Amino acid sequence: MKLESFLFEIRNNVGHITLNQPERGNPFDARFCREFKEIANECDENPEVRAVLIDSNGPYFSVGGDLKTFLGDRDGLPRFIKSATSDLHSGVSRLARGDAPVILACDALAAGGAVAIVAAADYALLSEKASVYAAFSGIGFSCDSGSSYFMPRRVGQRKAFDFYLRNQKWSAEQCLEYGLASEIIPSEQLTEKALALAEELAQGPTYTYGQIKNLFHSSQENTLEAQLEQEARALADCTRRDDTWNAVNSVAKKQKPVFNYK
Amino acid sequence: MKLESFLFEIRNNVGHITLNQPERGNPFDARFCREFKEIANECDENPEVRAVLIDSNGPYFSVGGDLKTFLGDRDGLPRFIKSATSDLHSGVSRLARGDAPVILACDALAAGGAVAIVAAADYALLSEKASVYAAFSGIGFSCDSGSSYFMPRRVGQRKAFDFYLRNQKWSAEQCLEYGLASEIIPSEQLTEKALALAEELAQGPTYTYGQIKNLFHSSQENTLEAQLEQEARALADCTRRDDTWNAVNSVAKKQKPVFNYK
Amino acid sequence: MKLESFLFEIRNNVGHITLNQPERGNPFDARFCREFKEIANECDENPEVRAVLIDSNGPYFSVGGDLKTFLGDRDGLPRFIKSATSDLHSGVSRLARGDAPVILACDALAAGGAVAIVAAADYALLSEKASVYAAFSGIGFSCDSGSSYFMPRRVGQRKAFDFYLRNQKWSAEQCLEYGLASEIIPSEQLTEKALALAEELAQGPTYTYGQIKNLFHSSQENTLEAQLEQEARALADCTRRDDTWNAVNSVAKKQKPVFNYK
């Protein structure tokens, strides 16, 4: 699939996804959603990808939904929502469930569904130029892209609910204070530091990272006992991998372990 | 139903519920629970109600359960609990699931089940005179009214558990610090500000607010994928409403949208 | 069962569990897990136990898993994980579900699975000498012992995930700031204060405490309505107990209630 909405390359085991329609503000239109799904599939299936970095080009990280595509055909609007979210939500799920940790670097305004992408990332690195804007309820929309799943898990229910109900905008500082941002990094160092974190994580025990990611996703909906059993099974699965076996033996010999995603 | 425990009126699309047995401390007795359920039903069914404001008259917001009604008939006590909670819990659920945002104004001590009502509200505005008292375990009661559902979602499990286990009392300031209160407002301005917030929200996209409320309720018990699909369906439903269609078109023309709960 | 890994005694209604292989660093080996399960069963079944205190002897609270037992037999490793967690996880569940509140006193480094024991405790009292170390992903292990259940509930998903993914070590101060520790107590007073808290709680309404514990465990995975009904049923069950009936009558007479776990 030829990409129009994104750049995508794999280097040093990092799948680097860049939102790349700067002149349009990187809108979440139908094409964007389709390409996002395909890239997420590639990141999940290609064993070269052991960490994912998401960033953007242009003056907006993303404006979110494209207001223009909503106009004109009233009957078509709910159909468009269902079609676009089929793709977009599948991509959100693939990245969330995939083994590779997801690092997001946000250097500008993220609005609407893009806020959910910030919240969903395992590490959300924001510059002082970043901000988030709810956007949805301003046009009578409820929220999508996992907003209602990830935001309460980052900032708590009171703050997340207020954000969407009263259509708020938060500065980078507020994002850090509330727990949405992992860290604030000066704009001119953002790309470099985000890439360094992605490359560091790409050398870790990737399969194990995937187990931890999925245990954390199930943590809130599982009973204690189901979660304990899932932990036991995940850990046993890890110990069957070469990476884990080699690491146990390296650390016993006081050597630094090397992980090859085997 | 003639109200004895409450005042209730609808004005400017705000359903205004006032606990109104000041001389008795607004206890949660059988009549209170029945009336609460009926008022909650009315707020949910009457399309004139697009926001709910809960406040109280008298020196206590509420003392919670009425100790006197517990005495005398030992066999009757568990039956009373089951009967009263049938009404009370149904009311809690109706307000939580209903489209109208719930604003609570608390200017005095809230004890026992009343703390859950504070926690359940979408916006809990407290004056410096407000405080909350667990009360339950002091008489060997576990907690009800949604205490164990809402409190951990507001203040985290450690703090909420300690509150109920060691039967604590928290000042308004502690409620704000821990995340139970949305805001502290000087006592003499509390009614005015709470009403202003309720009236502001009553002009918002009410149906959409209901979708957001319900997405937030399901957020913690749903898997990621179930929540994503629920988001897609809720958003598609919003786009079928006149309010949302009109708002999209207004905002595209740089006009302020008007919402009529249609 | 003769204990090798622990000391265990019951005094003043406190079940006092001490990790007691100081020279080995109190490792979570097969014997440890089996004994832990048996002690947890005893605490849950013996009505003399109305609070549980967990502490440790030696320079480590616990080093967690025993690296040496992982070496040598690759095929045996996943089997060992499954066998050991059968015991360990059953013990975690019994203590979490049992009526007796669990107080933990940590005066040294807790690593790996021991961090989950700290997080699982209802009250985690740490001295300034305490610290926690993730340990798992350093050898390609995902986490166990309820780590992924309890840690996000204490410190939020962002911090908990980072802890396990990047194999972090947190000081006692960080544990307090993030919400893992309930309190920091000077090392020389730790035992005394932890015992005082355990003895205080051991005189409370033990059955009611168990109901509150279990309501909090189900809080996140239940729908609102299921949780409300569980609250109603738990409260009705409490009111059938002598302790609760006597307490209601004592408090009505302005007398201090006495609870006998009846």
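Before any of the text, the structure's been laid out above.
Here goes a summary of the coordinates provided. In this text, all values refer to a predicted model and were calculated from it rather than measured experimentally.

**Brief notes about the interface of chain C and chain B**
- Contacts between the two partners involve 54 residues from chain C, matched on the other side by 42 residues from chain B.
- Three residues, F216, L224 and W245 of chain C, lead the burial of chain C against chain B; their summed loss comes to 19% of the area buried on that side.
- For the interface between chain C and chain B, the tally reads two salt bridges.
- Between R74 of chain B and D242 of chain C there is a salt bridge, and its shortest N-O distance comes to 2.8 Å.
- Viewed at the interface, chain B and chain C are joined by 22 residue pairs in polar contact (both at pLDDT 80 or more).
- For the side of chain C that touches chain B, the secondary structure elements donating two or more residues are α4 (113-120), β7 (123-126), α5 (147-155), α8 (190-201), α9 (206-218), α10 (224-239) and α11 (242-252) of chain C.
- If you tally residues by element for the side of chain C that touches chain B, the top one is α10 of chain C, at 13 residues.
- Of the residues that constitute the side of chain C that touches chain B, the class distribution is 29 nonpolar, twelve polar and 13 charged.

**Brief notes about the pairing of strand β5 (residues 102-106) of chain B**
All names here are of chain B.
- Most of β5 sits inside the fold, with five of its five residues counted as buried.
- Bridge count between strand β3 (residues 51-56) and β5: three bridges; the pairing is parallel. Considered in β5, the bridge of I54 is made with L104.
- As paired elements, β5 and strand β7 (residues 123-126) share four bridges and run parallel to each other. Paired with A105 across the bridge in β7 is L125.

**As for the interface of chain A and chain C**
- In this assembly, 54 residues from chain A lie in contact with 42 residues from chain C.
- Buried surface at the junction of chain A and chain C, both sides included, amounts to about 4,200 Å², of which 62% is carbon and sulfur.
- At the boundary of chain A with chain C, the tally comes to two salt bridges.
- On inspection of chain A and its partner chain C, the count reaches 22 residue pairs in polar contact (both at pLDDT 80 or more).
- Residue assignment for the side of chain A that touches chain C shows that the elements contributing at least two residues are α4 (113-120), β7 (123-126), α5 (147-155), α8 (190-201), α9 (206-218), α10 (224-239) and α11 (242-252) of chain A.
- Here the side of chain A that touches chain C takes 13 residues from α10 of chain A, the largest share from any one element.

Reading the values: the criteria
Residue positions are given per chain, counting from 1 as you read along its sequence in written order. All chains are assigned letters beginning at A, and all ligands numbers beginning at 1, according to the order in which they are written. With the structure being a predicted model, the display of local features is reserved for residues of pLDDT at least 70 and the display and counting of side-chain atom pairs for 80 or more, all residues being used for whole-chain, interface and lining totals. Each side-chain value is derived from all of the structure's non-hydrogen atoms; neither hydrogens nor water enter the calculation. What makes two residues a contact is simply this: any of their non-hydrogen atoms within 4.5 Å. The buried area of a pairing is the accessible area, by a 1.4 Å probe, that goes missing from both parts when the two are put together, added over both. In the sections that follow, a salt bridge refers to a side-chain nitrogen of Lys or Arg positioned within 4 Å of a carboxyl oxygen of Asp or Glu. Polar contacts, as counted here, are pairs of nitrogen or oxygen atoms within 3.5 Å of one another; within protein the pair requires one atom able to donate a hydrogen and one able to accept it, and residues that are adjacent in sequence qualify only if both atoms are side-chain atoms. Secondary structure is summarised from DSSP: a helix means a run of H or I of at least four residues, a strand means a run of E of at least two, and numbering begins at the N terminus for each. Ten residues, namely Ala, Val, Leu, Ile, Met, Phe, Trp, Tyr, Cys and Pro, are considered nonpolar, four, namely Asp, Glu, Lys and Arg, are considered charged, and the remaining ones, Gly among them, are considered polar. A 1.4 Å probe rolled over the protein chains alone gives each residue an accessible area, and that area as a share of the maximum for its type sets the label: buried under 20%, exposed over 50%, partly exposed in between. Two strands qualify as a pair provided that DSSP identifies no fewer than 2 bridges between them.

Take it as geometry only, folks, not as evidence of what the structure does.
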